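# Report on the structure
As a plain string of letters, each chain reads:
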Amino acid sequence: MVVADTMDREDLMFTYKGIPYPTTLCSYEVFKAMESFEARSDDMILAGFPKSGTNWFGHILLELITTFEKKTEVKPTIYGEEFDEFPYLEIGDTEKYQILLLLRNPKDLATSFFKFSKVMAPFPTYESWDEFFKDFMIGNIPWGSYFTYLSEWNKHADDEHVMPITFEEVKENPLLGVKKIAKFFELPLNEEELKEVAERSSFQAMKNNSKETHGVFGNVLFRKGGVSDWKSLFSEEQNQEMDKIFEERLAQTKLGAKIKYNVWCKV
Ligand SMILES: Nc1ncnc2c1ncn2[C@@H]1O[C@H](COP(=O)(O)OS(=O)(=O)O)[C@@H](OP(=O)(O)O)[C@H]1O
């Protein structure tokens, strides 16, 4: 049994600067300390909303880095020490380091989030999809509103140290995605090496390996790994509601266009 199992629903989340976070995973002190966090110019940061594919893209980065390391014998470090896991870190000053900004279409992200909430004790659970959808739309879920997240990041969409990339484009063409990421981080790997990184980062490869990498949690995390699962949950009314909010808040923005809402989120 985990601590969150014994907690009341209202105690599961706290807010920091208006955004809800899970009490058993995050703390006020860590967020406060993040404010004075200073990155070095060669730090690599992956920014992604929960359920956008952060484990997948974190793995691609790790594969690229370790392949580069084997080839050059240059050892990447964290806080001056070598590392073998891509650590999570909340974003501090966005001016200082290269950021890979991961995006996923909001309908699949909401679907993945709902399925995950059912089994993730630190998150509030929901009786039904309809109940979750209401909270998702108003941002009353851990890490808050995905729409606000996208609007805020849109202010940095043109920054040269930020490269937006989508779950869907890498799903469609993994090798091309891996090449883009390697180029952005200036990791000079050859075609064969890049191909191997893409293969080792496929959904099936990661799922097969998930017991070792994520223990019992692996099966929950590597659920379907695809596009359009939202069609099994969204009602016509819910489609209209999300289409409307996306149209109003994001359709005209650079990140909104990058998400290709009309391709991935229309019936
Ligand atoms: N290699 C690979 N290829 C394609 N898709 C993948 C891959 N790895 C993880 N996934 C899918 O990413 C979703 C989980 O996102 P996150 O890793 O961000 O989740 S979490 O916030 O850390 O819990 C979750 O999506 P759903 O399957 O739709 O739930 C995972 O299956």
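Everything here concerns the structure above.
Residues numbered from 1 in each chain as written. Predicted model: local features only at pLDDT ≥ 70, side-chain atom pairs only at ≥ 80, totals over all residues. Heavy atoms only, no water.

Applying the stated rule across the entire model yields 14 salt bridges. Of the charged contacts in the structure, one is a salt bridge between E35 and K17, with a shortest N-O distance of 3.1 Å. A residue pair is termed long-range when its members are at least 10 positions apart, and E35 in the loop between α1 (28-34) and β3 (44-48) and K17 in the loop between β1 (13-16) and β2 (19-22) qualify at 18 residues. When its relative accessible area of 67% is taken as the criterion, K17 is described as exposed. A salt bridge links R200 to E63, with the shortest nitrogen-to-oxygen separation between them at 2.6 Å. Of the two residues, R200 sits in helix α8 (residues 191-200) while E63 sits in helix α2 (residues 54-72), which places them 137 residues apart along the sequence. Relative accessible area serves as the criterion here: at 34%, R200 is assigned to the partly exposed category. Under the relative-accessibility criterion, E63 is labelled buried at 11%. One salt-bridge network, held together by shared partners, links K17, K32 and E35. (Salt bridge = Lys/Arg side-chain N within 4 Å of Asp/Glu carboxyl O. Helix = DSSP H or I, 4+ residues; strand = E, 2+ residues; numbered from the N terminus. Buried < 20%, exposed > 50% of the residue type's maximum accessible area, 1.4 Å probe, protein only.)

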